[in-house]
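Here is what each chain is made of, one letter per residue.
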Amino acid sequence: MLEIIIIISLIIALFNILIIRAFRGIENNLKSNNSLCEISVVIPFKNEAKNLPALLESLKSIEYPEDKFEVIFVDDSSNDNSVQLIKNLSKRNIKLVTAHNKKFPGKKGALEIGIKESNYDVIAITDADCIVEKKWLQSISDKTSEGYDVVFGYSPFIKGKNLISEISRYENLKNFILYFASASLGFHYSATARNFAFKKSTYNKINGFQNFSETLSGDDDLFIRECVKRKLKIDYYLYKSSFVFSYPPENFKKYFLIKSRHLKTSHHYLLKHQIVLGVWYSVNLLTVIFLFFAPISFIFFIPFAVKIIFDFVIQTMIKKKIEHDFNLPEIFYLELLYQILVVINFIGSILVKDFWDKS
């Protein structure tokens, strides 16, 4: 058993050393090349009257020439006053379209209509419940002008007041660490659609959403899957003032429904991604399982201790690049909850019916 404990601890250490190495090479200061690509921002929405005002206000504050970007809102059968909020705007670079006769179900169908309505080659997508920062479009322009086919940024959750908010924020941070570290190491497998952009020519190269209609989600990670298969160029940006903020789920019911939908896409990852991620999540889960045997022998606590130490080191290190407020005690108990929820959510992704009730 001691040999197994040592092997698990070494695997945990190896993975985390790679993550530390990856983040050391990530720059977060925008060194603009003064590019001004023309960008079409596509935002699908469904019953978002509560969240649209904050998004609209943030769009007004974007530091990018108005004649260089357009915003296309795609209404997917809203029955609140979301549509009226957008109609009240008088900006000439804002367009409202309706998602009639969608080719694909859910969000991808609305996105596809918005992309068809776009006038520019660079497509940026986000959600209607988001708040974009002022350098968002400049970051996208700088990266795509360097020749990348797909680029993505960081999308943190806004701090809430309940437990599910803290769990979601922590989980989102953990996912971010994996996405960006993997991308830095050239192992692209996922991103967050709230802060995501691509060239329309790239969209056409991968046949749009045609090749990944397996789930209602997948407009980010399965999009990347198709780009990886075609060896297209993918990169990230982690510049200050380029983040896209969003609100965490309001309750556990909504959290579980959203996670089951998102995790369905993982069943359709490339085999190499499934294997590496399977090993990563399995060894992390084993560290928690071993804790139950710690009363028998202290050695069972070692893998989890190694894991927590690395988690603390990595999260302390990335505070220089992004802002978060998790301390060591919070990392300890949130990590336990996170690992348990990974299993629950994975089972939910198999058993719970797919849905999309908002963008």
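Fair warning: this is a prediction, and the values are worked out from it, not measured in the lab. (Residues numbered from 1 in each chain as written. Predicted model: local features only at pLDDT ≥ 70, side-chain atom pairs only at ≥ 80, totals over all residues. Heavy atoms only, no water.)

> Requested: an account of the overall build of the protein, with residues and values cited.
The number of helices and strands found in the protein is 12 helices and 9 strands. The C-alpha atoms of the protein give a radius of gyration of 21 Å, which matches the 21 Å a tight globule of 359 residues would have. Reported as C-alpha extents along the three principal axes, the dimensions of the protein are approximately 70 × 45 × 40 Å. Out of the 359 residues belonging to the protein, those deemed buried represent 55%. Excluding contacts between residues fewer than 6 apart, the proportion of contacts in the protein whose partners are at least 24 apart in sequence is 81%. The average position of the 45 basic charges and that of the 37 acidic charges among the side chains of the protein differ by 2 Å. (Helix = DSSP H or I, 4+ residues; strand = E, 2+ residues; numbered from the N terminus. Rg over C-alpha atoms; globule rule 2.2 N^0.38 Å. Buried < 20%, exposed > 50% of the residue type's maximum accessible area, 1.4 Å probe, protein only. Contact = heavy atoms within 4.5 Å. Lys, Arg positive; Asp, Glu negative; His and termini not counted. Charge placed at Lys NZ, Arg CZ, Asp CG, Glu CD.)

> Please give an account of empty space enclosed by the protein that cites residues and values.
Counting across every chain of the model gives 2 cavities of 30 Å³ or more. Put simply, the largest cavity is a space of about 110 Å³. Lining the largest cavity we find 15 residues, and of these Ile-19, Lys-174, Ile-177, Trp-280 and Asp-311 sit closest to its centre. For the lining of the largest cavity, the secondary-structure elements that each account for two or more residues are helix 1 (2–24), helix 6 (163–184), helix 10 (271–291), helix 11 (302–318) and helix 12 (328–351). Sorting elements by how many residues they give to the lining of the largest cavity places helix 11 first, with 4 residues. Of the residues assigned to the lining of the largest cavity, the class counts are 7 nonpolar, 4 polar and 4 charged. Every residue along the wall of the second largest cavity is listed here: Phe-152, Gly-153, Tyr-154, Ser-155, Asn-172, Asn-175, Phe-176, Tyr-179, Phe-180 and Thr-192. No other element matches the 5 residues that helix 6 contributes to the lining of the second largest cavity. The residue makeup of the lining of the second largest cavity, split by class, is 5 nonpolar, 5 polar and no charged. (1 Å grid on protein atoms, 1.4 Å probe; cavity = no way out; pocket = protein on both sides within 12 Å on 5 of 7 lines; lining within 4 Å. Points joined across faces, edges and corners; volume = space filled by probe spheres on them. Nonpolar A, V, L, I, M, F, W, Y, C, P; charged D, E, K, R; others polar.)

> So, the pairing of strand 2 (residues 69–75): which residues are in play, and what are the values?
Two faces belong to every sheet, and in a regular strand the side chains alternate between them. Counting buried residues in strand 2 gives 7 out of 7 residues, a clear majority hidden from the surface. Burial along strand 2 is two-sided: Phe-69, Val-71, Phe-73 and Asp-75 facing one way and Glu-70, Ile-72 and Val-74 facing the other are all buried. Note that strand 1 (residues 39–45) and strand 2 share 7 bridges and pair parallel. Paired with Ser-40 across the strands is Glu-70, a residue of strand 2. Once the chain exits strand 1 it traverses helix 2 (residues 52–60) before rejoining the sheet at strand 2, and the crossover so formed is right-handed. Two strands pair when backbone bridges link them, and strand 2 and strand 3 (residues 94–98) are joined in this way by 5 bridges, in the parallel orientation. Its bridge partner being in strand 3, Asp-75 is matched across the sheet by Thr-98. (Pairing = 2+ DSSP bridges. Right-handed = clockwise from strand over helix to strand, strands pointing away.)

> Any details on the packing of aromatic side chains? Residues and values, ideally.
In total, this model carries 26 aromatic pairs according to the counting rule given. An aromatic cluster is present here, built from Phe-23, Phe-152, Tyr-154, Phe-176, Phe-180, Tyr-236, Phe-243 and Phe-245 joined pairwise through their rings. Above the face of the Tyr-148 ring, Lys-233 is positioned so that its terminal group lies 4.9 Å from the ring centre. (Phe/Tyr/Trp six-rings, centres within 6.5 Å; stacked < 30°, edge-to-face > 60°. Lys NZ or Arg CZ within 6 Å of the ring centre and 35° of its normal.)

> Which residues make up the sheet that holds strand 8 (residues 234–236), and what values go with them?
Here 7 strands make up an open sheet; going across it, the order is 3-2-1-4-7-6-8 and the pairing mixed. Each having just a single partner strand, strand 3 and strand 8 make up the two edges of the open sheet. Averaged over all neighbouring strand pairs, the angle between strand axes comes to 20°, with direction disregarded. Contacts from helix 5 (residues 136–145) reach strand 1, strand 2, strand 4 (122–125), strand 6 (150–152), strand 7 (196–199) and strand 8 within the one sheet, and its direction differs from that of strand 4 by about 140°. (Axes fitted to C-alpha atoms, helices over the stretch in contact; angles between N-to-C directions.)

> I'd like to hear about the pattern of salt bridges, residue by residue, with values.
Applying the stated criterion to the full structure yields 22 salt bridges. For the salt bridge of Asp-127 with Lys-107, the shortest nitrogen-to-oxygen distance reads 2.7 Å. With Asp-127 in the loop between strand 4 and strand 5 (130–132) and Lys-107 in helix 4 (residues 106–117), this pair connects stretches of sequence that are 20 residues apart. By the burial criterion, Asp-127 is buried, and Lys-107 matches it. (Salt bridge = Lys/Arg side-chain N within 4 Å of Asp/Glu carboxyl O.)

> So, the layout of surface pockets: which residues are in play, and what are the values?
Here the second largest pocket is characterised by a volume of approximately 370 Å³. Phe-243, Phe-245, Ile-322, Glu-323 and His-324 are the residues nearest the centre of the second largest pocket, which is lined by 21 residues in total. In terms of residues, the lining of the second largest pocket owes the most to one element, helix 6, which gives 3 residues. Partitioning the lining of the second largest pocket into residue classes produces 9 nonpolar, 4 polar and 8 charged.

> Provide a residue-level description of helix 11, including the pertinent values.
Taking 1.5 Å of rise per residue, the 17 residues of helix 11 would be expected to cover 24 Å, and the 24 Å separating its terminal C-alpha atoms lies within 8% of that figure. Every buried residue of helix 11 is accounted for by Pro-303, Phe-304, Val-306, Lys-307, Ile-308, Phe-310, Asp-311, Ile-314, Gln-315, Met-317 and Ile-318. Looking at the buried side of helix 11, the elements it contacts are helix 1, helix 6, helix 10 and helix 12. (Expected span 1.5 Å × (residues − 1).)

> Explain helix 9 (residues 252–263) to me, using residue names and the numbers behind them.
Over its 12 residues, helix 9 extends 16 Å from the first C-alpha to the last, a length consistent with the 16 Å expected when each residue adds 1.5 Å. All of the buried residues along helix 9 are Tyr-255, Lys-259, Ser-260 and Arg-261. Where helix 9 is buried, its residues touch helix 6 and helix 12. At the N-terminal boundary of helix 9, the capping side chain belongs to Asn-251, with an oxygen 3.3 Å from the backbone nitrogen of Lys-253. (Polar contact = N/O pair within 3.5 Å; in protein donor to acceptor, adjacent residues only side chain to side chain.)

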